[in-house]
Amino acid sequence: MKKAGKFIGRIFIGIVILALIAGAGGAFYFKSYLPNTVAPKSFPQIDGEITVSGLDGQVDIYRDQMGIPHVYASTPHDLFFAQGYVHAQDRFWQMDSWRHIGSGRLSEMFGSGQAETDAFLRTLGWKQTAETEWAQLDADSRAILEAYTEGVNAYLKDHSDTALSLEYAVLGLLSPDYEIEAWTPIHSLTWGKAMAWDLRGNMGEEIERAVLLKTLTPEQVAQLFPAYPEDHPVIVNNIGEGGVTANAGSEAALDYSQVPFENISENVALLDSFLGPWNDGIGSNSWAVSGELSETGMPLLANDPHLGIQMPSIWFQIGLHCVEKSAACPFEVAGFSFAGVPGVIIGHNADIAWGFTNVGPDVMDLYIERINPENPNQYDVNGTWVDFDTREEVIKMSDGTTQTITVRSTRHGPVISDQYGPLKDVGDPEDTEFVPFKDRVSSELPEQYAIALAWTALIPSTPFEAIWGFDRARNWEEFRKAASGFHVPAQNLIYADIEGNIGYQMPGDIPIRKKGDGTLPVPGWTDEYEWQGFLPFEELPYTLNPEEGYIVTANNQVHPRDYPYFISADWDYGFRANRIVEMITSAPGKIDIAYIQQMHGDSFDANAPVFVPLLQKVGVASEFTPALDTLKNWDYQDRADSTSAAVFNAFWRALLKNTFNDDMPEERYYPDGGSRWNEVMRHMAENPNDPFWDDKTTTDITETMEHMIKKSFPEGVAELQDIFGKDMSKWKWGDMHASTFRNSTLGESGVFLIEDLFNRGPFPTSGGEAIVNATGWSVKDGYETNWLPSMRMIVDLGELNNSVTVHTTGESGHAYHPHYADMAPMWAGIQYYPMWWNQDSIIGDAEGHLILKP
């Protein structure tokens, strides 16, 4: 399968580039003219005055030394107008590409190679959902979005093409007829759907379980998806009694042996490079410590959301201040926004601070729909044939041609299998290995069927109304009231305030299933597996001022062990949460900001204390002893400068491959690392004769754990020698695990002249999978960082002006701007800059003061 998400056809770009180089000055064009002459045209004005139509009054925008804008306005309208204006100044290419993702219109920018992706996005129907949400918003929310939209369009009125971003110079070669259109509120709302997809939960695990059941026993599949460990912490330890009926019964007893779920997996993978591939490590860390544990006597709140690596940063930091805070202008807030969306998503105001980690609830179910063999436009509902809901979608290409698709939906949601009727036959009809669909389907499944997706994000609701509520909340009660409107994606909301309180709230629409737990696809032709509503907000876990004096969330199990309702079976396995709790409870004294910075950078690898002693016990051949000796005095920290970490992770990668690849039905399901595989291996280490240790490709021996260890360590050493050579002093974990920040559109073109314009790195990187310093890598694909802490924030509720932060690349989205990548070395080094709050500090650190005048 072609790698999903390559926005530009590599062959076509190659032809364009070769033509330019063959002509006079091709290399000069890309290496000198674009960076030095064209790129600066898009750099924003940050000083002086600009007259802008549509403002109520004057707006002051101070840019600090990191390029962060701090906006001061007299009305909410002007505040969000100015936010739209500065977002467009710094990040319009990012906004433009994001809105094309959200609306399924990538082909208009990048050509017919994206038609398949657009078709899947149109099938999901994010734009239609957003349009319904817009119609349902209250007047205040509509006013925020309208003001923001006016600000974006005010900037677009006076800027176009390369004056907006360097990327449009390259896009002009590919799609010369592309025209930038005005911004609309729908463009902002569709990004909420994209983020819900990015944090979607367990659909991948649901498909994987079904596929593995083709070749493994239910007991083996259960071993590969273990229960949440008893010795790792949950977020909320105690909760009151509830009155909602829990999900009843077991999962559907279907035979999945012939169901081609791979077709769905391929559709899902189309979005991976736009929004990042799903991985169980993607989630985040957050924690709050009470004044009893802190040096200041007031709470400290920390947050680092983990998302796919990208360029520019997914976050745009900003301060929004009403000049005179009042009921009419209640906003005074600083933190992190999304370019394209008004408000501050994560941050603090004058009274409270908050952060997010992903809950990962099971809010996506796959329904197998029985199709009428005599009329493929109908499906079965309790024995009655019912027509599909259909709509036509016209996908426009960059060359003006179009492609029309028909989207079909059932009562559960859109059909996301490749086609609504009999799924594809396997092979070519002229081939002797051709397998008709009818011969591939189990008798326990319908002869003709489609697979539909039920997902809470396709029920109209927007998280942004809740966000705007957080922005103006003054206390715990107002924060919880706003949280009650946060439907999807469900987030662990960490909270602290200037009164000394710390709290936690889980929001979100969590389905109540009549039967089953969502871990496997279920029959759609019966009501047995229907959703019966959602858990009431008051029944969702929360806590205020727990007796421990701290709250930790790291995508681990939320609820107490005796919680009566089902939320998910696919939590992160709690290795990060366990380490964070350990560091809080073993702090050498009162906790301060410097100690939390150390916690953010902690790279303790929980696999190492399990398998290093086993390695040392088993032993290796003498030629590998020097490499094994590097582990003798290792502190199990995956630091960037560590040879020991390089040796251990190379061994770990080989061990997972050798242990499980022979048991998996296809490469897609080879182990890729992460907390689930840590937990599987932790259990298997206690059973050296576990059947999974045996290599199924050998017939003359039944391998044990000792065999796999002895095989894997030399393979890991050989890989390090291939990467670095035989000089072990050059084996550094940070170099093999480096972070390269790639522009998520043109930066993945496959053409070095274009990629060199927009990509930055590599930066040596510490940390790893299921580690507090959570920098992901792939056992299947290699050690390069592929997801990471997208920002790190520490808020001091005793003195907000002492708060510190950093995000991954830089505030600017403009290649070659001084703030394009100035944060990247700081991020890699676990360094921070001030998160200024007081106006005097902001002005004192300002590199620019722009005045917008009506």
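Residues numbered from 1 in each chain as written. Predicted model: local features only at pLDDT ≥ 70, side-chain atom pairs only at ≥ 80, totals over all residues. Heavy atoms only, no water.

Before going further, it helps to examine the overall build of the protein chain. Tallying secondary structure elements over the protein chain gives 26 helices and 30 strands in all. Expressed as a percentage of the 854 residues in the protein chain, the buried residues total 63%. Here the protein chain displays about 30,200 Å² of accessible surface, and carbon together with sulfur accounts for 49% of that area. (Helix = DSSP H or I, 4+ residues; strand = E, 2+ residues; numbered from the N terminus. Buried < 20%, exposed > 50% of the residue type's maximum accessible area, 1.4 Å probe, protein only. Areas by Shrake-Rupley, 256 points an atom, 1.4 Å probe, with all protein chains shown as cover.)

Turning our attention to the environment of D663. Residue position: D663 is located in the loop between α20 (643-660) and α21 (675-684). Counting along the chain gives 34 residues from D663 to T697, while the straight-line C-alpha distance between them is 9.4 Å. Within the local environment of D663, its side chain forms a polar contact with the side chain of K696, the two groups lying 2.8 Å apart. (Polar contact = N/O pair within 3.5 Å; in protein donor to acceptor, adjacent residues only side chain to side chain.)

This part is about the sheet that holds strand β10 (residues 364-370). Read from one edge of the open sheet, three strands run β15-β10-β19, paired in mixed fashion. Looking at which strands have only one partner, the edges of the open sheet turn out to be β15 (449-455) and β19 (522-523). Sheet topology places β10 next to β19; two bridges connect them, and they run parallel. Looking at the pairing, I368 lines up with P523 of β19. Strands in contact with helix α10 (residues 203-212) are β10 and β15; relative to β10, the strand with the most contacts, it is inclined by about 50 degrees. (Pairing = 2+ DSSP bridges. Contact = heavy atoms within 4.5 Å. Axes fitted to C-alpha atoms, helices over the stretch in contact; angles between N-to-C directions.)

Let's shift gears to the sheet that holds strand β7 (residues 332-337). Taken in spatial order, the 11 strands of this open sheet run β1-β30-β2-β3-β6-β7-β8-β9-β16-β17-β21, and their pairing is mixed. With partners counted over all chains shown, the strands left at the sheet margins are β1 (48-51) and β21 (542-544), one partner each. Each strand of the sheet is rotated relative to its neighbour by a mean of 15 degrees, with strand direction disregarded. By the bridge criterion, four bridges tie β1 to strand β30 (residues 846-853) in an arrangement that is parallel. Its bridge partner being in β30, G48 is matched across the sheet by L850. Helix-sheet contacts for helix α3 (residues 76-103) involve β1, β2 (59-64), β3 (69-73), β6 (316-322), β7 and β30, and the interaxial angle to β6 is about 155 degrees.

On to the side chain of D90, then. Assignment of secondary structure puts D90 in helix α3. Judged by relative accessible area, which is 2%, D90 ranks as buried. For D90, the contacting residues outside a window of four places in its chain are P44, R63, F316, E811, S812, G813 and H814.

Attention now goes to unusual backbone geometry. Most peptide bonds take the trans configuration, and most residues that are not glycine carry a negative phi. For the bond from V488 to P489, the omega torsion is 0 degrees, close enough to zero to count as cis. By the secondary structure assignment, P489 is in the loop between α15 (476-483) and β16 (491-497). With phi around 50 degrees, N545 is a residue other than glycine that occupies positive phi space. Mapped onto the secondary structure, N545 falls in the loop between β21 and β22 (550-553). With a phi angle near 70 degrees, Y636 is a residue other than glycine that sits in the positive phi range. Tracing the sequence through the fold places Y636 in the loop between α19 (625-629) and α20.

Further remarks concern the packing of helix α7 (residues 139-158) against helix α14 (residues 464-472). Packed helices, taken two at a time, are described by their axes: the angle between them and the distance between them. Direction vectors running N to C along α7 and α14 enclose 90 degrees, while the axes themselves pass 11 Å from each other. Classified by the angle their axes make, α7 and α14 are roughly perpendicular. Every residue of α14 that contacts α7 at S141, I144 and L145 is listed here: E465, W468 and R472. For the contact of α7 with α14, the class distribution of residues is three nonpolar, one polar and two charged. (Parallel < 35°, antiparallel > 145°, perpendicular 65-115°, else oblique. Nonpolar A, V, L, I, M, F, W, Y, C, P; charged D, E, K, R; others polar.)

Before going further, it helps to examine the packing of α14 against α15. At a minimum axis distance of 8 Å, the contact between α14 and α15 shows a crossing angle of 170 degrees. Judged by the angle between their axes, α14 and α15 are roughly antiparallel. Here α14 contributes A466, G469, F470 and R472 to the contact with α15, which in turn contributes E478, F479, A482 and A483. Its residues placed into classes, the contact of α14 with α15 shows five nonpolar, one polar and two charged.

Turning to the confidence of the model for the protein chain, a few remarks are in order. With 89% of its residues at a pLDDT of at least 70, the protein chain reaches an overall mean of 91. Low pLDDT, under 50, characterises residues 1-11; the predicted model gives this stretch 28 contacts beyond four residues in sequence or across chains. (pLDDT = per-residue confidence, 0-100.)

This brings us to the side chain of D695. Secondary-structure assignment places D695 in the loop between α21 and α22 (705-724). Excluding residues that lie within four positions of it along the chain, D695 makes contacts with D662, E703, M708 and K711.

Taking 1.5 Å per residue as the helical rise, helix α9 (residues 185-198) with its 14 residues ought to reach 20 Å, and the 21 Å between its terminal C-alpha atoms agrees with that figure. Counting buried positions along α9 gives 14 out of 14 residues, so the element sits mostly inside the fold. (Expected span 1.5 Å × (residues − 1).)

What follows is about the packing of aromatic side chains. Across all of its chains, the model carries 39 aromatic pairs by this definition. Consider the rings of F80 and F331, whose centres lie 5.0 Å apart with planes at 85 degrees: the pair is edge-to-face. Of this pair, F80 sits in helix α3 while F331 sits in the loop between β6 and β7, and the two are 251 residues apart along the sequence. Each of the two residues, F80 as well as F331, counts as buried. Aromatic pair W634 and F648: ring centres 5.6 Å apart, planes at 45 degrees, arrangement tilted. Placement of W634 in the loop between α19 and α20 and of F648 in helix α20 is noted, with a sequence separation of 14 residues between them. Exposure class is identical for W634 and F648. Each is buried. These aromatic residues form a ring-pair network of at least three members: F604, F611, W634, Y636, F648, F651, W652 and F713. (Phe/Tyr/Trp six-rings, centres within 6.5 Å; stacked < 30°, edge-to-face > 60°.)

Glancing now at the pattern of salt bridges. One pass over the full model with this rule turns up 33 salt bridges. Close ionic contact of R370 with D380 constitutes a salt bridge, the shortest N to O distance being 2.8 Å. Taken together, the residues span a long stretch of sequence, with R370 in strand β10 and D380 in strand β11 (residues 378-381) at a distance of 10 residues. Judged by its relative accessible area of 29%, R370 falls in the partly exposed class. One continuous salt-bridge network, built from bridges that share partners, spans R105, E108 and E181. (Salt bridge = Lys/Arg side-chain N within 4 Å of Asp/Glu carboxyl O.)

Below, the discussion takes up helix α2 (residues 26-38). Counted at 1.5 Å a residue, the expected span for α2 with its 13 residues is 18 Å, but the 15 Å between its end C-alpha atoms falls short. Roughly 40 degrees is the biggest bend found in α2, and it falls at S32, with proline P35 one to four residues downstream. Along α2, the residues classified as buried are G26, F30, L34, P35 and V38. (Bend = angle between axes of the 7 residues up to and from the residue.)

Our next topic: the environment of L301. Its location among the elements puts L301 in strand β5 (residues 300-308). With relative accessibility at 0%, the residue L301 sits in the buried group. With 46 residues separating them in the primary sequence, L301 and G347 have C-alpha atoms 9.9 Å apart. Residues within four places of L301 in sequence aside, it is in contact with W287, A288, A353, W354, G355, I494, Y495, A496, M793, I794, V795 and L797.

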